[in-house]
Amino acid sequence: PTLLRNGIDPLQLQQEVLDVGHWTGRVRCSAADGRVLCLELTVSGIPEPIGPQRYYIVTVSDLTQQLQVQELLDRQRSYDSLTELPNQREFKQRLDLALRASEAEGFMLCVACLDIDLFKRVNAQAGEAAAHLLEDRLHARLLRLVELQLGHQPVAQLLRSAALACAAATGR
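Residues numbered from 1 in each chain as written. Predicted model: local features only at pLDDT ≥ 70, side-chain atom pairs only at ≥ 80, totals over all residues. Heavy atoms only, no water.

Visitor: Before we move on, could you go through the overall build of the protein chain and cite the residues and values that matter?
Guide: Check the secondary structure of the protein chain and you find 7 helices and 5 strands. Its helices and strands in sequence order give the protein chain the pattern α-α-β-β-β-α-α-β-α-α-β-α, from N to C terminus. By the burial criterion, 19% of the 172 residues in the protein chain qualify as buried. Within the protein chain, counting contacts between residues at least 6 apart in sequence, those at least 24 apart form 29% of the total. Here the protein chain displays about 13000 Å² of accessible surface, and carbon together with sulfur accounts for 56% of that area. (Helix = DSSP H or I, 4+ residues; strand = E, 2+ residues; numbered from the N terminus. Buried < 20%, exposed > 50% of the residue type's maximum accessible area, 1.4 Å probe, protein only. Contact = heavy atoms within 4.5 Å. Areas by Shrake-Rupley, 256 points an atom, 1.4 Å probe, with all protein chains shown as cover.)

Visitor: Give me the nonpolar core: which residues, what numbers.
Guide: Ile 8, Leu 13, Val 17, Trp 23, Val 27, Cys 29, Ala 31, Leu 37, Leu 39, Leu 41 and Val 43 together form the largest nonpolar core, which totals 11 residues. Those elements that provide at least two residues to this core are helix 2 (10–20), strand 1 (22–30) and strand 2 (36–46). Sort the elements by how many residues they give to this core and strand 2 lands first, with 4 residues. Among all residues touching Leu 39, those that are not within four sequence positions of it are Gly 25, Arg 26, Val 27, Cys 29, Val 60, Ser 61 and Asp 62. (Core = buried A, V, L, I, M, F, W, Y, C linked by side-chain atoms within 4.5 Å.)

Visitor: I'd like to hear about the side chain of Thr 64, residue by residue, with values.
Guide: Here Thr 64 is to be found in helix 3 (residues 64–78). Setting aside chain neighbours within four positions, we find Thr 64 in contact with Val 36, Leu 37 and Cys 38.

Everything listed here is a matter of coordinates, which is why it stays silent on function.
And the structure:
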């Protein structure tokens, strides 16, 4: 059942072991304590001198922790640790994708940037925790404002021309 739930056809697996001598794939399953595990399975056939293969070796490797570390590193590479917003490199990548999509699909793209005057002074005078709280509150208010004005479009993302037309029509 675990193979089928992971989209692996046991008959295709068996055929690959017969054709190539081995099969390798990943499956997700639950441990007894409820944790979700990512396992790499390798099935290798042991050749027989005469006749079909009768014996197989199955190797199981738990990749869960390795994949979690990789996800954390990917997140740290793409997001600011303080604000948890995309960093400049990630924003540029997203903007580049959006520009290409805009050209390909023929929609207008709007990019809005917000620069908070004297924000470094807040950080220096009130401390990093206060600055983080201010950023969180500002982000929440901006998100709510954009949701109200543009019909639940995400903030600091891309606003297609239909959302802009809607904002223009309502005078906002």
